[in-house]
Amino acid sequence: MVSRPASDEDVYLRNNVQIAAKILVVGHFAVGKTTFIGTMSEIPPLRTEETMTQAAAHVDDLRGVTGKTTTTVAMDFGRLTLSDRLVLYLFGTPGQQRFVQVWEDMTRGALGALVLVDPERLKESFDVIDLVEQYGLPYAISVNHFDGTPVRSDDELREALDLLPETPVVTCDARDEKSSANALITLVRYLQDRAR
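Residues numbered from 1 in each chain as written. Predicted model: local features only at pLDDT ≥ 70, side-chain atom pairs only at ≥ 80, totals over all residues. Heavy atoms only, no water.

Q: Looking at this structure, how should I read the pairing of strand 4 (residues 86-92)?
A: Two faces, one strand: in a regular strand the side chains alternate between the faces of the sheet. Strand 4 sits mainly inside the fold: 6 of its 7 residues count as buried. Examined bridge by bridge, strand 1 (residues 19-27) and strand 4 share 7 bridges and lie parallel to one another. From the neighbouring strand, Lys 22 faces strand 4, where its bridge partner is Tyr 89. (Buried < 20%, exposed > 50% of the residue type's maximum accessible area, 1.4 Å probe, protein only. Helix = DSSP H or I, 4+ residues; strand = E, 2+ residues; numbered from the N terminus. Pairing = 2+ DSSP bridges.)

Q: What is the right way to look at a negative patch on the surface in this model?
A: A cluster of acidic side chains, namely Asp 127, Asp 130, Glu 133 and Asp 162, defines a negative patch on the protein surface. Note that Asp 162 resides in the loop between helix 5 (154-161) and strand 7 (169-172). Of the residues examined, Asp 162 reaches a relative accessible area of 67% and is grouped as exposed. (Patch = residues over 30% accessible without salt bridge, like charges linked within 9 Å, V, L, I, M, F, W, Y side chains within 5 Å. Areas by Shrake-Rupley, 256 points an atom, 1.4 Å probe, with all protein chains shown as cover. Salt bridge = Lys/Arg side-chain N within 4 Å of Asp/Glu carboxyl O. Lys, Arg positive; Asp, Glu negative; His and termini not counted. Charge placed at Lys NZ, Arg CZ, Asp CG, Glu CD.)

Q: Would you explain the pattern of salt bridges in this entry?
A: It is possible for side chains bearing opposite charge to pair when their charged atoms get close. Taken as a whole and judged by the stated rule, the model has 7 salt bridges. Between Arg 79 and Glu 42 there is a salt bridge whose closest N-O contact spans 2.8 Å. Remark: Glu 42 occurs in the loop between helix 2 (33-40) and strand 2 (46-51) and Arg 79 occurs in strand 3 (residues 70-81); sequence separation between them is 37 residues. Between Arg 121 and Asp 118 there is a salt bridge, with the nearest N and O atoms lying 2.9 Å from each other. On the accessibility criterion, Arg 121 (8% relative accessible area) is buried. Three or more residues joined by partner-sharing salt bridges are found here, namely Asp 118, Arg 121 and Glu 124.

Q: Looking at this structure, I do not really get helix 2. What am I missing?
A: Lys 33, Thr 34, Phe 36, Ile 37 and Met 40 are the residues of helix 2 that are buried. Burial along helix 2 is one-sided: seen end-on, the buried residues are contained in an arc of 160 degrees. (Arc of directions from axis to C-beta.)

Q: What is the right way to read the nonpolar core from this model?
A: In summary, soluble globular proteins display a tendency toward joint burial of nonpolar side chains. Ranked by internal contacts, the top residues of the largest apolar core, which has 23 residues, are Leu 24, Val 26, Val 115, Val 132, Tyr 139 and Ile 141. When residues of this core are traced back to their parent elements, those giving at least two are strand 1, helix 3 (101-107), strand 5 (110-117), helix 4 (126-134), strand 6 (139-144) and helix 5. Every residue in contact with Val 115, bar those within four places of it in the chain, is listed here: Val 26, Val 128, Ile 129, Val 132, Tyr 139, Ala 140, Ile 141 and Ser 142. Ala 21, Ile 23, Met 40 and Val 170 belong to the second largest nonpolar core, which has 22 residues in total. (Core = buried A, V, L, I, M, F, W, Y, C linked by side-chain atoms within 4.5 Å. Contact = heavy atoms within 4.5 Å.)

Q: What should I look at first to understand the side chain of Ser 142 in this one?
A: Within the secondary structure, Ser 142 is located in strand 6. Looking at Ser 142, the relative accessible area reads 0%, which means it is buried. Filtering out sequence-adjacent residues up to four positions away, Ser 142 remains in contact with Leu 114, Val 115, Leu 116, Val 117, Val 170, Thr 171, Cys 172 and Ala 183.

Q: Just checking my understanding: could you explain the pairing of strand 7 for this structure?
A: Bridge count between strand 6 and strand 7: 4 bridges; the pairing is parallel. The partner of Val 143 across the bridge, within strand 7, is Thr 171. In this view, the connection linking strand 6 to its parallel neighbour strand 7 by way of helix 5 has right-handed handedness. (Right-handed = clockwise from strand over helix to strand, strands pointing away.)

In structure tokens form, the structure reads like this:
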């Protein structure tokens, strides 16, 4: 078979291929995943939020959470173009234990996870981190600083969450585009370093 020389169109297509990367945004109940994806998505985010009812009051612990009236029941989805060649598809998982069965499907094809944690409710992050590790996903920790929460040092956070030294830790405010973008960039760089 004789190969033909590459046309200008072939070269253009080869040089302009976008890479789509699936990233999970995970964390415990009411940590800010929906807000984070809404802040970062360049498209109107898909949200599967429902109003919380009294039936869930004994299941969803609202201690330490103010003003929460809805909860994610399936997933959140957003898209973010980082460059001409790299597009992130952001999938937010529900934070309640009863939705763990959704994780198996959501982890398929994911390159990594950004784990949002609340510095005032670190214990609630243990199960989430265990799940991420169980599915073999590389991850970065993003401490979502809410109004008035104390700032903890990276060393304190690493010790409290029992993190490996190479696990990135960054702070953000899920409502703030710049700090949220920094958290995603930290994860992407970590994933790129691991791939080399």
